[in-house]
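# Commentary on secondary and tertiary structure
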Amino acid sequence: MTALFEGLTHWHWLGLGFILLAIEVLGSVGFLLWTGIAALEVGLLLLVWPFGWQAQLLLFAVQSLLTTWAWWRWQHQRDNSGQDAASTINERMQSYMGRELTLLDDVAQGTSRVHLDDTVWTVRCDESLPAGSKVRVVGADSHILLVEPRH
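Per an unreviewed UniProt entry, the protein chain goes by NfeD-like C-terminal domain-containing protein and derives from Aeromonas sobria. Taken from UniProt, the Subcellular location (unreviewed entry) comment for the protein chain reads in full: "Membrane".

### Some words on the packing of helix H2 (residues 10–27) against helix H3 (residues 31–48)
At their nearest, the axes of H2 and H3 sit 7 Å apart, and the two run at 160° to each other. Regarding the angle of H2 to H3, the classification is roughly antiparallel. Judged by the twist between their axes, the crossing of H2 over H3 is left-handed.

### Examining the UniProt feature "domain: NfeD-like C-terminal" (unreviewed entry) in the protein chain
Under the present numbering, the feature "domain: NfeD-like C-terminal" (unreviewed entry) in UniProt falls on residues 94–149. Across residues 94–149, the secondary structure splits into 0% helix and 52% strand, with the terminal C-alpha atoms separated by 19 Å.

### Some details on the packing of aromatic side chains
Per the stated rule, a full pass over the model turns up five aromatic pairs. A ring pair is formed by Trp34 and Trp71, whose centres lie 5.3 Å apart and whose planes are at 25°; its orientation type is stacked. Within this pair, whereas Trp34 is found in helix H3, its partner Trp71 is found in helix H4 (residues 53–81), the two being separated by 37 residues in sequence. Exposure remark for Trp34: the relative accessible area of 17% places this residue in the buried category.

### Some details on the UniProt feature "transmembrane region" (unreviewed entry) in the protein chain
In the UniProt entry, the feature "transmembrane region" (unreviewed entry) is given for residues 12–33 and 53–72. Annotated as residues 12–33, this span is 86% helix and 0% strand, and its ends, taken at the C-alpha atoms, are 17 Å apart. Helix and strand shares over residues 53–72 are 100% and 0% respectively, and the end C-alpha atoms of the span are 28 Å apart.

### A look at the side chain of Ser133
Counting through the fold element by element, Ser133 comes out in the loop between strand S3 (119–124) and strand S4 (134–141). Polar contacts involving the side chain of Ser133 include one to the main-chain carbonyl oxygen of Pro130, which spans 2.8 Å.

### Comments concerning the packing of H3 against H4
Contact geometry for H3 and H4: axes closest at 8 Å, N-to-C directions at 135°. When the axes of H3 and H4 are compared, the pair comes out oblique. Crossing of H3 against H4: the hand is right-handed. Contacts between H3 and H4 involve Phe31, Trp34, Thr35, Ala38, Ala39, Glu41, Val42, Leu45 and Leu46 from the former and Gln56, Leu59, Phe60, Gln63, Ser64, Thr67, Thr68 and Trp71 from the latter. Broken down by class, the residue content of the contact of H3 with H4 amounts to 10 nonpolar, six polar and one charged.

What counts and what doesn't
Residues numbered from 1 in each chain as written. Predicted model: local features only at pLDDT ≥ 70, side-chain atom pairs only at ≥ 80, totals over all residues. Heavy atoms only, no water. UniProt positions renumbered as here; feature names shortened; annotations may be inferred. Axes fitted to C-alpha atoms, helices over the stretch in contact; angles between N-to-C directions. Helix = DSSP H or I, 4+ residues; strand = E, 2+ residues; numbered from the N terminus. Parallel < 35°, antiparallel > 145°, perpendicular 65-115°, else oblique. Left-handed = near helix turned anticlockwise from the far one by under 90°. Phe/Tyr/Trp six-rings, centres within 6.5 Å; stacked < 30°, edge-to-face > 60°. Buried < 20%, exposed > 50% of the residue type's maximum accessible area, 1.4 Å probe, protein only. Polar contact = N/O pair within 3.5 Å; in protein donor to acceptor, adjacent residues only side chain to side chain. Contact = heavy atoms within 4.5 Å. Nonpolar A, V, L, I, M, F, W, Y, C, P; charged D, E, K, R; others polar.

Structural data, given as structure tokens:
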């Protein structure tokens, strides 16, 4: 087994890197991308500066961990910052906050209806308002929009 490791060249690492990247393209798990990049880095370093197989394996392990951790850290910050366009995909009601709408019916017993995008929504309002009044969405309670009169 040691003889196999002693024979490692930059071509082996570059080949491993490209194989891992090809598998990543087919499977799209995410992990093999960073281990493939680590293998390519080891292959390129070995091309410029030859070193022993122990250092090659250690460098591959460290680079795999570092590249995976760096990606995880970057993605984690991106997820928490809300920069992703799909970050509110499951928060439909929150995307309606601040929208100004027109009541379709009089507010009866605190509820009415509005037409929003392609759907008629039930709204709840604390004030009695006639149909045609302008209201602003201020919140949501389950599937009911909470509105207040627009002044």
